[in-house]
Amino acid sequence: MNKLFSASELPPEPTVPRSLLRGVDSLWHWLADPRLLFWLALGLAAPIWLGLALPQLPGQLRSEPAAAERWLTASAETFGLWGPLLRTLGLFEVLQSPLVSVTLWMALWVLIVQLAHTTTAVLRWRRLHRLLEDSSLASGEAVPVLLSGPLWRWRGVFPATAQRLADVGESQLQSWAARVERRVVRLSAGPDQMALLSPTAEPASLLEERLLGVQGWPENLLRPLLPAALLLALCVPLASATLGHAFQPPPLLPGERSSDTTAGLLLEYLLLYPQPGVVGPVLRLTKGSHERLLPLAPSSSTIEGIHVDVQPGPPALLVHTVDGSAQLARPGQPGGTETVSLGFSNPGSEQVLLLPGYELGLRIIRQNSGSSAVAESTFSVEIFQGDTVAQRLTIQGSQIERIDTPAGLVLLGFVPIPMFQVQIYTTPGTWLLLPALLLAVAGAAGFRRKPLFLLAQLAPWPVERSVVVLQSNSPALLAELRQTLDSLETPPTLFAPTPQRPV
């Protein structure tokens, strides 16, 4: 406020150190700066994007430190020199990594500050019209305008009546303002006015004209909706990190089952035969009375709020007897079966299959001859009796092979088929994304244009003059009104326009 105090009238020193007040004020404006939120968003997007491209620690291993350590070590080794760095940054378990957790909570705090900042700005704008009725100050004194941004003030004296100046000012405000309000307030004369009057004059009351022009008020009301929307959206990854559940079973072989006891979900790899000689692999999901079949192809599904992502896994080989006799067995398996599923997680890995009734064994090796899909599903089969290799085969597709045994020929069918790779997870709070999107659209509309205001006070000033006090958040609007009033007659200026930032 442009007021001079005598030594006896100086305000008392604040009890809080000014340096502390300036520090708190600077910290608040730094937290309320939208650019900080932008950099935090980048800090979140980068590790999350990398997490989507990297394998993530299965949720069931978090309660098994030894198994989790083995999994993390093996995953890091696959990335060579970069593996230890990726593990240190927590990119193999992104939502639980310290880097992402700290950034998430920092973004939450910043959004709370920005929501409070924009809400406070709206409330202060709502109080602007109350200043038209404020009679707590003397005539000619600038009423206290508190906004969350820079404020420009100017004070001068014009040789014209306050009513005439108010008429001119109102006409000028109507040229740009969406709403213009005008009031007349009775105030006591100020010290500067009394000094220009006769020393024997009694304190008098004066009528002060006040004008308020506002533009962009409806948009300003919408601005708090944008940080509120981002706050809602941020609750989704926070809820996933703290309340979410993830489960990733080992790749499933045909005929295998797995279950997620936490989610109550049963997984079964089934082989359907829609036509003779044609295998139709599907994954059956069962939760309570609900059941769903998923094909062996990259896909996603949701059953009772549980998300299931499936895709073909490493190659497997289905071996079966053509005549349906139970002559196949795994090492250590009692009895025989007509069909055996063998998984090969890596190139060069091998499995052993027995024909107990013929005292034969099959050593099956996944080939490592290239990166093509054909090479991935090529297997070498060695049939041995005792320590002697009696026969060698190459399996490149679904085929039937004749196996020579001392008791005669045995027909075996070989069907290369992928394993099922399954990932199960829950994302609590995803329903918040829809209201967050609606609020974000409405809040973004609030930033379509900057809200503007100009408050003018026009009061009698001895003798046969008027004092004018202008306050605005736009120096251009303040200068425009000054030029309009200057066109009447150039006045002497008491105070130059100075930018002020309310505390």
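Residues numbered from 1 in each chain as written. Predicted model: local features only at pLDDT ≥ 70, side-chain atom pairs only at ≥ 80, totals over all residues. Heavy atoms only, no water.

K.L.:
Looking at this structure, how should I read the overall build of the protein?
P.N.:
Counting secondary structure elements, the protein contains 12 helices and 20 strands. When burial is assessed residue by residue, the protein has 41% of its 503 residues classed as buried. Of all intrachain contacts in the protein linking residues separated by at least 6 positions in sequence, the fraction that spans at least 24 positions is 61%. Counting every atom, the protein has about 26600 Å² of accessible surface; 60% of that belongs to carbon and sulfur. (Helix = DSSP H or I, 4+ residues; strand = E, 2+ residues; numbered from the N terminus. Buried < 20%, exposed > 50% of the residue type's maximum accessible area, 1.4 Å probe, protein only. Contact = heavy atoms within 4.5 Å. Areas by Shrake-Rupley, 256 points an atom, 1.4 Å probe, with all protein chains shown as cover.)

K.L.:
Where do I start with the sheet that holds strand S15 (residues 388-395) in this structure?
P.N.:
Picture the strands of a sheet paired through backbone hydrogen bonds; they go either parallel or antiparallel. Taken together, 4 strands build an open sheet; the order of strands is S12-S13-S14-S15 and the sheet is antiparallel. Strands with a single pairing partner mark the edges of an open sheet, and in this sheet they are strand S12 (350-355) and S15. Across the sheet, the mean angle from the axis of one strand to that of its neighbour is 20°, orientation sign disregarded. When S12 meets strand S13 (residues 360-366), the two strands line up antiparallel, connected through 6 bridges. Within S13, the position partnered with Leu355 by the bridge is Leu360. (Pairing = 2+ DSSP bridges. Axes fitted to C-alpha atoms, helices over the stretch in contact; angles between N-to-C directions.)

K.L.:
Quick question: what am I supposed to make of the pairing of strand S14 (residues 379-385) here?
P.N.:
With 5 of 7 residues buried, S14 is to be regarded as a mostly interior element. In this sheet, S14 lies alongside S13 in antiparallel orientation, the contact comprising 6 bridges. Across the sheet, Ile365 pairs through a bridge with Ser380, a residue of S14. Pairing between S14 and S15: 7 bridges, direction antiparallel. The residue of S15 that forms the bridge with Gln385 is Thr388. In this antiparallel pair of consecutive strands, S14 and S15, the connection spans 2 residues, and Gly386 shows a positive phi of 70°.

K.L.:
What exactly am I supposed to notice about the pattern of salt bridges here?
P.N.:
When the charged atoms of two side chains with opposite charge come close together, those side chains can pair. Within this structure, the stated rule accounts for 15 salt bridges. Residues Arg183 and Glu181 are paired through a salt bridge, measuring 3.2 Å at the closest nitrogen-oxygen approach. Among the residues examined, Glu181 registers a relative accessible area of 13% and is labelled buried. For Arg448, the salt bridge is made with Glu219, and the minimal N-O distance between the two is 2.6 Å. Of this pair, Arg448 sits in the loop between helix H11 (433-445) and strand S18 (452-461) while Glu219 sits in helix H8 (residues 217-222), and the two are 229 residues apart along the sequence. (Salt bridge = Lys/Arg side-chain N within 4 Å of Asp/Glu carboxyl O.)

K.L.:
When you look at the packing of helix H6 (residues 162-173) against helix H12 (residues 475-486) in this model, what are you seeing that I'm missing?
P.N.:
In a packed pair of helices, the relevant descriptors are the angle between the two axes and the axis-to-axis distance. Close contact between H6 and H12 brings their axes to 10 Å; oriented N to C, the two are set at 135°. Considered as vectors, H6 and H12 are oriented oblique to each other. The way H6 lies across H12 gives a crossing that is right-handed. Of H12, the residues touching H6 (which contributes Leu165, Val168, Gly169 and Gln172) are Glu480, Leu481, Thr484 and Leu485. (Parallel < 35°, antiparallel > 145°, perpendicular 65-115°, else oblique. Left-handed = near helix turned anticlockwise from the far one by under 90°.)

K.L.:
What's the story with the packing of helix H5 (residues 98-126) against helix H9 (residues 225-243) in this structure? I'm lost.
P.N.:
Packing of H5 against H9 brings their axes to within 9 Å, and their N-to-C directions diverge by 160°. One finds that H5 runs roughly antiparallel with respect to H9. Seen from above, H5 lies across H9 with left-handed handedness. Here Leu104, Trp105, Ala107, Leu108, Leu111, Ile112, Gln114, Leu115 and Thr118 of H5 come into contact with H9, specifically with Pro227, Ala228, Leu230, Leu231, Leu234, Pro237 and Leu238. When its residues are assigned to classes, the contact of H5 with H9 shows 14 nonpolar, 2 polar and no charged. (Nonpolar A, V, L, I, M, F, W, Y, C, P; charged D, E, K, R; others polar.)

K.L.:
What's the story with the environment of Leu146 in this structure? I'm lost.
P.N.:
Mapped onto the elements of the fold, Leu146 is located in the loop between H5 and strand S1 (151-158). Counting along the chain gives 18 residues from Leu146 to Leu128, while the straight-line C-alpha distance between them is 8.7 Å.

K.L.:
I'm lost on unusual backbone geometry in this one. Help?
P.N.:
The phi torsion of most residues other than glycine is negative, and most of the peptide bonds are trans. Phi at Glu304 is positive, roughly 55°, even though this residue is not glycine. With respect to the helices and strands, Glu304 occurs in the loop between strand S9 (299-303) and strand S10 (306-321). Backbone geometry at Glu359 places phi at a positive 55°, although glycine is not the residue there.

K.L.:
What should I look at first to understand a nonpolar patch on the surface in this one?
P.N.:
A surface patch of nonpolar side chains, amounting to about 660 Å² of accessible area, comprises Phe79, Leu81, Trp82, Leu85, Leu89 and Leu99. Of note, Leu85 is situated in helix H4 (residues 82-88). (Patch = residues over 30% accessible without salt bridge, like charges linked within 9 Å, V, L, I, M, F, W, Y side chains within 5 Å.)

K.L.:
How do you make sense of the side chain of Glu181 when you look at a structure like this?
P.N.:
Among the secondary structure elements, Glu181 is positioned in strand S2 (residues 179-188). Among the polar contacts listed, one links the side chain of Glu181 to the side chain of Arg183, at a separation of 3.2 Å. Excluding anything up to four places from it in sequence, Glu181 contacts His129, Leu132, Arg210, Leu211 and Leu212. (Polar contact = N/O pair within 3.5 Å; in protein donor to acceptor, adjacent residues only side chain to side chain.)

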